[in-house]
Amino acid sequence: MATSSATIQAGEVHVWSLSFSDAESDIANLKQLLSDDEQTRAVRFISDCDRIRFTIARGVLRQLLSAYTGHPARSIQLIYGRHGRPALTASQAHDINFNLSHSGEHALFALSRECDVGVDIERIRPYSPAYRLRLAKRFFSELECSAIQGLTASRVEQAFFACWTRKEAYIKVHGRGLSLPLSQFSVSVNPMSAPQLLATPWCPSDLKLTRLWDLAAPRGYRAAIALKTFAGEPEFRLFDWPAKISPGL
Ligand SMILES: CC(C)(COP(=O)(O)OP(=O)(O)OC[C@H]1O[C@@H](n2cnc3c(N)ncnc32)[C@H](O)[C@@H]1OP(=O)(O)O)[C@@H](O)C(=O)NCCC(=O)NCCS
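For every chain, the first residue of the written sequence is number 1, and numbering continues from 1 along that sequence. This being a predicted model, a pLDDT of at least 70 is required before a residue's local features are given, and a value of 80 or more before pairs of side-chain atoms are given or counted; all residues contribute to the totals for chains, interfaces and linings.

Topic: the nonpolar core
Inclusion rule: For this entry, the nonpolar core is defined as buried Ala, Val, Leu, Ile, Met, Phe, Trp, Tyr and Cys residues connected by C-beta atoms within 7 Å. With C-beta atoms placed from the backbone, a residue is buried if 20 or more other C-beta atoms are within 10 Å of its own, exposed if 12 or fewer are, and partly exposed between those counts. Only DSSP runs of H or I covering at least 4 residues are called helices, and only runs of E covering at least 2 are called strands; the numbering of each starts at the N terminus. Domain delimitation follows an automatic or database domain assignment. Once C-beta atoms are placed from the backbone, any two residues with those atoms within 7 Å are in contact.
Core analysis: the biggest nonpolar cluster contains 59 residues, and Leu-64, Leu-108, Phe-109, Ala-110, Cys-163, Tyr-170 and Ile-225 have the highest contact counts within it. Ranked by residue count, the leading element in this core is helix α8 (residues 153-173), at eleven residues. Each of two domains, domain 1 (13-115 + 233-240) and domain 2 (123-228), supplies a minimum of three residues to this core. Those residues in contact with Cys-163 that lie beyond four places of it in its chain are Phe-140, Glu-144, Ile-148, Val-187 and Val-189.

Here it is, written out as structure tokens:
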């Protein structure tokens, strides 16, 4: 019988934040936690930086999943949805759902009980507002584009990344990847207000089922989370890896 050392209480969603530089000295230990197929995947990365970050992120993911499910990290089995979303097997999940995202120097891991979760973090790369508007026209919905176009130039960048992270969290909660075109649903783009899902014509009932929140992110990054069918108001508990994972969590 697996015994977990970390618990998600009713109403909680746990979000772990990782800075890759904090984990680099631990990479040999983290690498040993990866499954054979993950180690094969790591070897295929052309860039050393991508290989190191993938290895660290998967190693930390396995440490976290081990703490929450009680199964040894190396023995955790991940299965993949049609569009690549990783999940625990039914026999190991113990109601734990998770998702992760990495960008630049940081990664986020979100874990919830009994409800699907999608998370996204993006490093804000400074480009001109004109370039951002061109990208928005290419990827975002008409509603989102016209909202961003109506902003002063100084607000375009934050609005662009608010929109992007909210949209990515949304497609990730559904496990759809880019099979769900980013233009097929709309989110609010105002970076200063709580995010809202505004239109989901591909699945109208989802407007009531899925909700979005912005997450606190390191300086120079933006992050968002989506929860599907979460009853009530979630309490987000934020942790920095490698805080000790204890029964008090
Ligand atoms: C793959 C995708 C799910 C997320 O990609 P991303 O934002 O580049 O990457 P993230 O770091 O946020 O997420 C990747 C992680 O999500 C998980 N993941 C993979 N496929 C997933 C899916 N279909 N659904 C949910 N999560 C998925 C994996 O754990 C993956 O990391 P790992 O394989 O290293 O463990 C997909 O949405 C994508 O390709 N998005 C890019 C869209 C884009 O270009 N947008 C431009 C807007 S201007």
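Structure's up, so let's keep going.
Quick word on the sheet that holds strand β1 (residues 12-19)
For clarity, the threshold we go by: Any two strands with at least two DSSP bridges between them are considered paired. Every axis in this analysis is a line fitted to C-alpha atoms, fitted for helices over the stretch in contact. Angles between the N-to-C directions lie between 0 and 180 degrees.
As summarised here, the arrangement of the four strands in space is β4-β5-β1-β11, forming an open sheet in which the pairing is mixed. A single partner strand is all that each edge strand has here, and the edge strands are β4 (96-103) and β11 (235-240). Adjacent strand axes in the sheet meet at a mean angle of 20 degrees when their direction is disregarded. With six bridges connecting them, β1 and β11 associate as parallel partners. Bridge pairing in β11 links Glu-12 to Glu-235. Its contacts with the sheet put helix α4 (residues 48-69) on β1, β4 and β5 (106-113), and the angle it makes with β4 is roughly 160 degrees.

Re the domain arrangement of the chain
Selection rule: Note that Gly is not counted as nonpolar here; it falls among the polar residues with everything else outside the nonpolar set of Ala, Val, Leu, Ile, Met, Phe, Trp, Tyr, Cys and Pro and the charged set of Asp, Glu, Lys and Arg.
We note that the domain assignment places domain 1 (13-115 + 233-240) and domain 2 (123-228) within the chain. Computed from C-alpha coordinates alone, the two centres of domain 1 and domain 2 are separated by 24 Å. Taken together, the contact pairs 16 residues of domain 1 with 14 residues of domain 2. Mapped onto the side of domain 1 that touches domain 2, the elements with two or more residues apiece are β1, β4 and β5. At four residues, β5 tops the list of elements feeding residues into the side of domain 1 that touches domain 2. Its residues placed into classes, the side of domain 1 that touches domain 2 shows seven nonpolar, eight polar and one charged.

Description of the sheet that holds strand β9 (residues 210-215)
Spatial strand order, β6-β10-β9: three strands in an open sheet with antiparallel pairing. Only two strands of the sheet have a single partner each, and these edge strands are β6 (116-123) and β9. Across the sheet, the mean angle separating the axes of adjacent strands is 15 degrees when strand polarity is ignored. In terms of strand pairing, β6 meets strand β10 (residues 221-228) through eight bridges, oriented antiparallel. Each residue of the ladder has a partner; that of Val-117, found in β10, is Leu-227.

Things to note about the environment of Leu-212
Relative to the helices and strands, Leu-212 resides in strand β9. The spacing of Leu-212 and Arg-113 is 99 residues in sequence and 17 Å in space, taken between C-alpha atoms. Look past the residues within four positions of Leu-212 in its chain and what remains in contact with it is Arg-166, Ala-169, Tyr-170, Val-187, Pro-195, Gln-196, Leu-197, Ala-224 and Ala-226.

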